[in-house]
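Here is how the chains run, residue by residue.
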Amino acid sequence: MDNTASSIPSKMKAWVYSEHGKPVDVLKLDSNYDVPQLKEDQVLIKVVAAALNPVDFKRMLGMFVHSDSPLPSVPGYDVAGVVLKVGSQVRTLKEGDEVYGNINEKGLDRPKRSGTLAEYTVAEENLLALKPKNLGFIEAAAIPLAIGTAYEGLQKTALSPGKSILVLRGAGGVGTMVIQLAKHVFGASKVAATSSSAKLELLKSLGADLAIDYTKDNFEDLPEKFDVIYDAIGQSERAVKAIKEGGKVVTIEPVGELAEPAFRFILTSSGAMLETLNAFLENGKVKPVIDPRGTFAFSQTPQAFSYLETGRVTGKLVIHPI
Ligand code: NDP
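(A) Local environment of the site of the ligand. Around the ligand sit 26 residues, and of these Lys-58, Ser-196, Lys-199, Tyr-214 and Val-313 come closest. A distance of 2.9 Å separates an oxygen atom of the ligand from a polar side-chain atom of Arg-169. For the ligand, the protein covers 91% of the area, taking 940 Å² as the surface of the free molecule. Elements represented by at least two residues in the shell around the ligand include exactly α2 (54-61), α4 (144-156), α5 (173-184) and β9 (190-195). A per-class count over the shell around the ligand returns 13 nonpolar, eight polar and five charged.

Listed below in structure tokens is the structure:
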């Protein structure tokens, strides 16, 4: 395909939903969807790969209607692709740059109506970073939302060298990043994480010193207590029983009760944060984790969502090629 700015079409293929419901029911492939208009501070991206996140199907199901953008909408937060055109206020990025990022600044607040599950998307320059040099587009697409959530959450808990951490849901998109960042970026002295039996070895390979099989052990009944618990599942009531005196519990599950002193946050996308982490991605200390069945053709996007909805995905699912 000729991807120069002069060849940008006005219509594109995109997965679109016009009503709330299960992705397999409401997601339709539109071959004639408008290519999004570029604002001054944005770049137009030829999407090469896009990753799925639970927020995409939760939003489709209608769980966040209070912060929805008007339908019809194209889902998709994570992208890796090539800059085709830049807005007049764009300072750093230029045509031809290979970029990646989460295109929605606020995790739950009125996402772009033209998301990443399409041939083209737009994003503000400050939400993007240059793709790590050692990674392909599929691997890069698997990173932004998950690593951003992991990094921001760990910052909020003030995890620092010498502290211990327990990661609940260690094998998910976010958990696989939390384990790696806790160990290799924040310098935790001990990293523990939970998964079912078949995924314990993966947790260890990512840097977990202790892998807890949640089908056999209740983490809060173990004698060991932790300085920090990163709760990616919504189990704050149990988590607060497993912290040391003065310990912190951060939960990212967006709904449900919170037990004190647990706190919750919703991520903010940041290109600068990705640039900071590029060093750890490029030296191989932190790696994207993609499910063994994890790359789906664009035409198989609804099937990929069905798999994500099972809650059993290891790491990330990526749609490629687009
Ligand atoms: P995933 O869909 O990637 O998680 C799937 C993993 O969850 C599977 O590997 C599964 O492993 C594991 N899992 C399921 N049940 C349990 C359990 N009881 N204990 C331990 N592990 C379990 O999810 P994400 O990591 O992408 O997201 C996690 C949650 O965080 C979602 O609810 C998402 O909406 C939310 N989120 C919130 C954000 C925020 O800003 N607040 C940002 C990003 C995500 P196994 O098969 O071994 O059970």
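(B) Just α2, in detail. Across the eight residues that make up α2, a large majority, six, are buried. Buried residues of α2: Val-55, Asp-56, Phe-57, Lys-58, Arg-59 and Met-60, and no others. Elements in contact with the buried residues of α2: α1 (23-26), β3 (42-51), α4 and α9 (301-309). Just downstream of α2 lies Gly-62, where phi reads positive at about 95°.

(C) Spatial organisation of the pattern of salt bridges. In the structure shown here, the tally under the stated rule is 15 salt bridges. In this structure, the salt-bridge partner of Glu-201 is Lys-204, at a minimum N-O distance of 3.9 Å. Placement of both Glu-201 and Lys-204 in helix α6 (residues 200-206) is noted, with a separation of three residues, approximately one turn of the helix. Salt-bridge contacts for Lys-244 lead to Asp-227; the nearest nitrogen and oxygen are separated by 3.5 Å. Here Lys-244, found in strand β12 (residues 243-251), pairs with Asp-227, found in strand β11 (residues 226-231); they are 17 residues apart in sequence, far enough to count as distant. A residue is classified by how much of its surface remains accessible, and Asp-227, at 19% relative accessible area, is buried.

How each quantity is defined
Residues numbered from 1 in each chain as written. Predicted model: local features only at pLDDT ≥ 70, side-chain atom pairs only at ≥ 80, totals over all residues. Heavy atoms only, no water. Near = heavy atom within 4 Å. Polar contact = N/O pair within 3.5 Å; in protein donor to acceptor, adjacent residues only side chain to side chain. Areas by Shrake-Rupley, 256 points an atom, 1.4 Å probe, with all protein chains shown as cover. Helix = DSSP H or I, 4+ residues; strand = E, 2+ residues; numbered from the N terminus. Nonpolar A, V, L, I, M, F, W, Y, C, P; charged D, E, K, R; others polar. Buried < 20%, exposed > 50% of the residue type's maximum accessible area, 1.4 Å probe, protein only. Contact = heavy atoms within 4.5 Å. Salt bridge = Lys/Arg side-chain N within 4 Å of Asp/Glu carboxyl O.

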